[in-house]
Amino acid sequence: MKQDDIYLIDIWRILVREWKWFAFGLLIVLAAAFIYSRSAKPQWEATAWIQVGQVGVAPMGQDPKIEPFQRVIMRLQTVAFQNDVLKNVGIPVDAPEAQLYRKSVKLEPDPYANLIKVSMRARSSQLAMQLASATVVQLQAIHQRIEELPLKLAHERLDEVQTELQNSLVDRGRLQQIAMAGSKDGADSKHVENAALATMLLASKDDAIRILQGARGDLLNRLSPNYTYDTSQPWPVYVPAKQASPNAALIWGAALFFGLFLGGAAALARNAYRRL
């Protein structure tokens with residue numbers, strides 16, 4: 001402990017003796033921080049959350065999502081997709097705002113929650129919010145085109161099942177009438193034969209109706225909002241009231257730390273030079 005105390009005291013004495021060099025190093029870093037904080041253009045960060053839609057009528061064993069989760073992430077990172085977003089907002093693809101958008105896009109996927117957190121920066125809070133909203137809208141438009149055919153086929157299949165079910169119910173009612181007519185007293189042999197045949201057909205018709213009812217219920221369930229839904233934005237775009245950059249507290253805190261380090265290094269180097 002005594003040796004450490006002496007060592008610290010020696011360093012303190014060096015800093016006091018070479019205080020000009022220490023102050024010079026500290027002032028250089030603080031001056032650089034001041035210039036940067038004044039010259040750096042402000043940036044606001046917007047955050048949007050995307051829920052990837054799905055089509056519940058996907059074949060068994062296949063991902064019901066409109067587009068596989070990882071492919072959505074890769075799509076959001078492509079230059080073509082980002083250029084379309086910029087065009088929708090009215091920003092030239094070679095403008096500084098476009099470069100900032102591409103450079104600042106950050107994705108935080110959560111497959112278990114089926115959410116993708118997307119954040120990006122812009123020169124104003126309004127533009128940041130517009131870019132975030134446009135990113136979600138562009139992805140929604142793409143997914144709507146992808147899901148259009150599967151949904152159309154699913155609804156056509158549902159219409160077919162409902163039509164077949166309706167026809168089967170009508171046929172069963174007719175067969176029931178024939179069976180009842182043959183069971184009445186005084187019915188001739190022809191009616192009795194027809195009734196026997198209708199009774200046999202009723203059993204198979206009931207089975208067909210149960211199958212059709214099950215298929216219709218399954219399709220209705222898969223097409224319900226619990227299993228089939230569009231790509232959406234669960235929560236509104238969030239833009240903090242304070243700008244994301246430059247961060248004054250972070251800049252001056254880092255400047256003070258590195259300034260003390262540089263000043264101390266300069267003072268120690270000057271002291272070592274004196275001893276040569």
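Residues numbered from 1 in each chain as written. Predicted model: local features only at pLDDT ≥ 70, side-chain atom pairs only at ≥ 80, totals over all residues. Heavy atoms only, no water.

**A look at the overall build of the protein chain**
The following threshold applies: Per the convention used, a helix needs a DSSP run of H or I reaching at least four residues, while a strand needs a run of E reaching at least two, with both numbered from the N terminus. Buried means the residue's accessible area, taken with a 1.4 Å probe over protein chains only, is under 20% of the maximum for its type, while exposed means over 50%, and partly exposed covers the values in between. Every accessible area reported is derived by Shrake-Rupley at a probe size of 1.4 Å, with residue values counting cover from the shown protein chains alone.
The helix and strand inventory of the protein chain stands at eight helices and three strands. Traced from its N-terminal end to its C-terminal end, the protein chain shows the element sequence α-α-β-α-α-α-β-β-α-α-α. The buried share of the protein chain, reckoned over its 276 residues, is 32%. Surface exposure of the protein chain reaches about 17700 Å², of which carbon and sulfur atoms provide 60%.

**Concerning the sheet that holds strand 3 (residues 115-122)**
So the rule is basically this: Strand pairing follows a simple DSSP-based rule, namely that at least 2 bridges must link the two strands. Axis lines are fitted through C-alpha atoms, for helices just across the contact stretch, and the angle between N-to-C directions can take any value from 0 to 180 degrees.
With antiparallel pairing, three strands are arranged side by side in an open sheet as 1-3-2. Edge strands, defined here as strands with exactly one partner in the open sheet, are strand 1 (44-51) and strand 2 (106-110). With strand direction ignored, the average angle separating the axes of adjacent strands in the sheet is 15°. In this structure, strand 1 lies alongside strand 3, joined through eight bridges in antiparallel fashion. Bridge pairing in strand 3 places alanine 48 opposite valine 118.

**Details of the nonpolar core**
It is characteristic of soluble globular proteins that their nonpolar side chains tend to be buried jointly. Our working rule: Nonpolar cores are built from buried Ala, Val, Leu, Ile, Met, Phe, Trp, Tyr and Cys residues. Side-chain atoms within 4.5 Å join them into one set. Whether two residues touch is decided by their heavy atoms; if any such pair falls within 4.5 Å, the residues are in contact.
If you look at the biggest cluster of nonpolar residues, it comprises 32 residues, and the most contacted ones within it are Leu76, Ile116 and Leu131. Listed by contribution, the elements that provide at least two residues to this core are strand 1, helix 3 (69-77), helix 4 (79-89), helix 5 (96-104), strand 3 and helix 6 (125-183). Leaving out residues up to four positions away in the same chain, isoleucine 116 has contacts with Ala48, Trp49, Ile50, Val52, Phe69, Val72, Ile73, Leu76, Leu107, Glu108 and Pro109. Membership of the second largest hydrophobic core comes to eleven residues, among which are Ala154, Leu212, Leu219 and Leu223.

**Considerations on the packing of aromatic side chains**
We count it as follows: Stacked, tilted and edge-to-face are the three classes applied to pairs of Phe, Tyr and Trp rings, where Trp contributes its six-membered ring and a pair requires centres within 6.5 Å; stacked means planes under 30 degrees apart, edge-to-face means over 60, and tilted covers the rest.
Under the defined criterion, the tally for this structure stands at two aromatic pairs. With 5.8 Å between their ring centres and 90° between their planes, tryptophan 49 and tryptophan 235 make a pair best called edge-to-face. Here tryptophan 49, found in strand 1, pairs with tryptophan 235, found in the loop between helix 7 (189-222) and helix 8 (248-275); they are 186 residues apart in sequence, far enough to count as distant. Since its relative accessible area comes to 21%, tryptophan 49 is described here as partly exposed. Between phenylalanine 257 and phenylalanine 258, the ring centres sit 5.3 Å apart and the planes meet at 80°, which makes this aromatic pair edge-to-face. For phenylalanine 257, a relative accessible area of 55% puts it in the exposed group.

**Concerning the environment of aspartate 206**
For aspartate 206, the position within the fold is in helix 7. Distance in space between the C-alpha atoms of aspartate 206 and leucine 169 is 8.8 Å, their sequence separation being 37 residues.

**Describing unusual backbone geometry**
As a rule of thumb, non-glycine residues mostly have phi less than zero, and peptide bonds are mostly trans rather than cis. A positive phi angle, close to 55°, is found at asparagine 114, a residue other than glycine. Residue position: asparagine 114 is located in the loop between strand 2 and strand 3.

**Some details on the pattern of salt bridges**
Cut-off, in case you're wondering: Take a side-chain nitrogen of Lys or Arg and a carboxyl oxygen of Asp or Glu: if they are within 4 Å of each other, that pair is a salt bridge.
Tallying each qualifying case throughout the model produces nine salt bridges. Taking the shortest distance from any N to any O, the salt bridge between aspartate 206 and arginine 172 comes out at 3.3 Å. Taken as a pair, aspartate 206 in helix 7 and arginine 172 in helix 6 lie far apart in primary sequence, 34 residues in all. For aspartate 206, a relative accessible area of 25% corresponds to the partly exposed category. Judged by its relative accessible area of 24%, arginine 172 falls in the partly exposed class. Among the ionic pairs, aspartate 218 bridges to arginine 222, the shortest N-O distance being 3.0 Å.

**What about the pairing of strand 2?**
With five bridges joining them, strand 2 and strand 3 adopt antiparallel strand pairing. Each residue of the ladder has a partner; that of aspartate 110, found in strand 3, is leucine 115. The antiparallel hairpin formed by strand 2 and strand 3 contains four residues in its connecting segment, where asparagine 114 sits at a positive phi of about 55°.

**Quick notes on helix 3**
As a reminder of what qualifies: Think of it as the arc spanned by the lines of direction from the helix axis to the C-beta atoms.
Regarding helix 3, the residues found buried are Phe69, Val72, Ile73 and Leu76. Projected down its long axis, helix 3 carries its buried residues within an arc of 100°, all on one side. Residues of helix 3 that are exposed and point over 90 degrees away from its buried face: Gln70 and Met74.

Purely spatial values, then, with no claim about function.
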